[in-house]
Structure formats: C-alpha cells, structure tokens
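As a plain string of letters, each chain reads:
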Amino acid sequence: MTKRAILLLFVISYWFVGCNRVEPEQVKLSTHVLQLKVGEVHILTAVATQEVIWHSSDTLVAEVMKGVVTGKQVGTALITARVGNAEAVCQVYVTGREGQTLALPITYLQLERDTTYQMCPSSLYDLPLVWQSSDTSVAIVEPSGLVRTKQAGHTTITVSNGFENASCYVAVKHRWSEYQLVWSDEFDGTTLNAANWNIEVNGNGGGNQELQYYTSRPTNLRVENGILIIEAHKENYQGKRYTSARINTMNKQTFLYGKIEARIAFPSGGGTWPAFWMMGQDYSRVGWPACGEIDIVEHVGNEPNMNTHALHYPYKSGGNCWSVQKQHENIENQYHTYAIEWLQEEEYGRDIIRFLYDGQLQAVQSETLENMDNEFFWPFNKPHFILLNMAIGGSMGGQVNEQIFNQPIQMKVDWVRVYQRTEI
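So, about unusual backbone geometry. Across residues other than glycine, the phi torsion is negative in most instances, and most of the peptide bonds are trans. Cis peptide bonds are those with omega within 30 degrees of zero, and the linkage from Trp288 to Pro289 qualifies with 10°. With respect to the helices, strands and loops of the structure, Pro289 is situated in the loop between α2 (283-286) and β29 (293-299). For Phe187, which is not glycine, the phi dihedral falls at a positive 55°. On the basis of relative accessible area, Phe187 is assigned to the buried category, the value being 3%. Notably, Asn225 is not glycine yet its phi reads approximately 55°, a positive angle. By the element assignment, Asn225 lies in the loop between β22 (221-224) and β23 (227-237). For Asn225, a relative accessible area of 76% puts it in the exposed group.

Attention now moves to the sheet that holds strand β5 (residues 53-56). Overall, mixed pairing links the four strands, which are arranged β2-β9-β8-β5 in an open sheet. Of all strands in the sheet, those bounded by a partner on one side alone are β2 (33-37) and β5. Going from strand to strand, the sheet's axes swing by 25° on average, the running direction of each strand aside. Sheet topology note: the β5/strand β8 (residues 75-83) ladder contains four bridges and is antiparallel. Its bridge partner lying in β8, Ser56 is registered against Ile79.

Conventions and cut-offs
- Residues numbered from 1 in each chain as written.
- Predicted model: local features only at pLDDT ≥ 70, side-chain atom pairs only at ≥ 80, totals over all residues.
- Heavy atoms only, no water.
- Helix = DSSP H or I, 4+ residues; strand = E, 2+ residues; numbered from the N terminus.
- Buried < 20%, exposed > 50% of the residue type's maximum accessible area, 1.4 Å probe, protein only.
- Pairing = 2+ DSSP bridges.
- Axes fitted to C-alpha atoms, helices over the stretch in contact; angles between N-to-C directions.

If you want it as structure tokens, here you go:
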C-alpha cells in the first residue's frame, strides 16, 4: 500500500470515530437556591442535551414534575435534575403562607448603656446567620447575636440567613443629671431686657385673623413691680380697633430640650387669647408650620375654665393640629405655673413633650417609631425660641365682648425659667 493510500485511510478512520464519539452528559439549572411559600409554584429550567429526570428528596415538602416545583409544607427539600450520570441540584426552602421562617422574638428593645443582650432568633433551617448593627457607635452585635451597648441612641439589629432578614429596633437610654437652671427672666427691672426679648410691632393679625395691633408702647407692654404686663386696649390704632403686645426671644435666647416654664395670670373676658409658646429658630428660613410650634398653654376668655396645649407641624397644623384641652377652676386672674418637659430620646429613642399645669401632668405627645427623626412628622429636635402674647379675637379668640374693656385687661408674667439636664 502506498503512503498516500495509508494517509487517506487514517483520515477516514479519524473522521468516522470523531462523528460517533459520545460527549459527557451535562445539565444546568436556572437556579440552585429557591424559596417558596406553601402552595406557591416555580418552574425550574434545565439546560441539557437529553431528557431530564426530576427528583425531590422530600415530596411532602416540595413536589417536582417536569421542572415545575410546588411548595407543599414548611421545610426544605433537594430538587435534582439528572441526565444519565450527570446531575444538578437546587435547594428549596418552603415557608409558611406568610413567607417568613426567620424571626426574632422581640422587635423593640430598650437597654441601658454598657450592658449586653443575647438575641435568640428562631429559624426553621440550619443556615449560617449573619448579624449587623445599623449604628455601631450605639451598639455592636457579635456573630453569636450578643448585643453590646456603647452609648445612648438607637440602632437596628438585623439577622440574615441569606434569603430572609429579621430585625429588632434597639434604643439605648440616656443617663441624665438633675435639672439645672440655665436661663431665666424674673422681670425684676423697670424695662424689658433687650438682651432677651424682641418686641413685635405689626397689625398682621398673627395669621389667625386677630383684631389687635401689636405695639411697643408702655400702655401695652411694661415691666413693673417684678411683673411683665401685657395689656390690651380698645382703641382705634393703625387701622385696628384693639392694641396689645407680643414679644419673643428669636435669635437671642433659644433652647433645645429641657423644662421650660412660666408663672402667669391670665385675664378674663370674651375675646382675649393669651399664650405662652415656642417656635423653631429656623422659622425665617423654612416658615410655619415646618419650623414647628409648641403651644405650652393657650387660654381663651370665651372658655374661662379651659386651657389648651398643642403642637403644630407640617403633618398636623392649624385646625388639624395635635391638641389637648383641660378644664380647671380659677384659671383667670390667678397665677399658675405652665410648663413643658421636652425630653430627648426618653422612651424607646423617641423625643417626648409633657405639658404641665402647676406641676401636674396634663398631656403627653411623642415621636412615633415609624417616623423617627422625620421633621415632617416631628420638627421638635432643633432649637426653639419663646413667645408671650395676648391676641384679641381671631380664629381661636372668637367673639369680642367689648364690655370687658371697662376694666384693665392684663396678662401678667411673674417669671420665665428654663432648666436643662446634662448627659452623665
């Protein structure tokens, strides 16, 4: 046989063997981890050269038919796709109809500083758990789930098994000193202290259709015998029928948290509307109600036995504000102490404002956990300034009984004091 014939025979033989060679079986699945709820269906796609044989390691948990997997009951099963000697597997986790198998027994927790707490999650599957703290300056969490608190504040502790998460909101409490007096005006001089107070002069009606013109005249505003006197008069002045006064501490004395109180005697008479209140220092920049308004107390002469305590903010303002009314005897023409305790992260990390009348709690309002630190719902975590005024008429003052002006209509303020605490 010639060399040329031998070579041709070799080529033909190689071609024939190559065309009939059997490639190794292979199978690939569209996913290798799957979570289903009971009753839920998912189609697994298999890429293979031949027909795939499907198998479930536990048909009570998950059934499979031609790649269609159905969750039957809570548990885990292994779905296998087999072609000859080749196979691919998918781990299936079946949860309850609510879809959660990983959980923490508590979702809100309040702890002291420098303490530990062991988180004990429940999980149906033996999967590795990964822990995380959203603010490690407040608390850290170890791989075992042990929480170690560091400083006051709040954080969220989250545990994950790779496809499910569970979390617990953790608030670490502050440690406070006793209240200390940080500012006061006792009105002991003969004039209003300009280092503390601004005198408003306008006839704007306070945004409430009020009927007075605010002046700086001694007839409307003066200090005498240790008392600040705001006095209203029935008179034609600058196009208004009444005059009164309003003062504020904006840009001079502002406060964030603490106990703010004043000893005040309100006048009597239908149409009077005196108030002791606060507004956010950013009022000139963001306006009202975005700045936030704390009405420590308002009194309306047309309701002589009623005091009102209120908060105004973007979510609730004007006639839709948060407010509480309390009845008392002998409110008018007698001194009483009106106060708030404005407390930082007092309960589960939430700010709280307590309203007091002669030391007795009248009302409480606080941040919600869902809207923590959201100024639309709670703009009371920034400095505020103090206001004192007496309006006449308006949306809340109501009908004016002009006969009341046959005698002096005076709002008398003995003192205003601010106390604060420090972190210890």
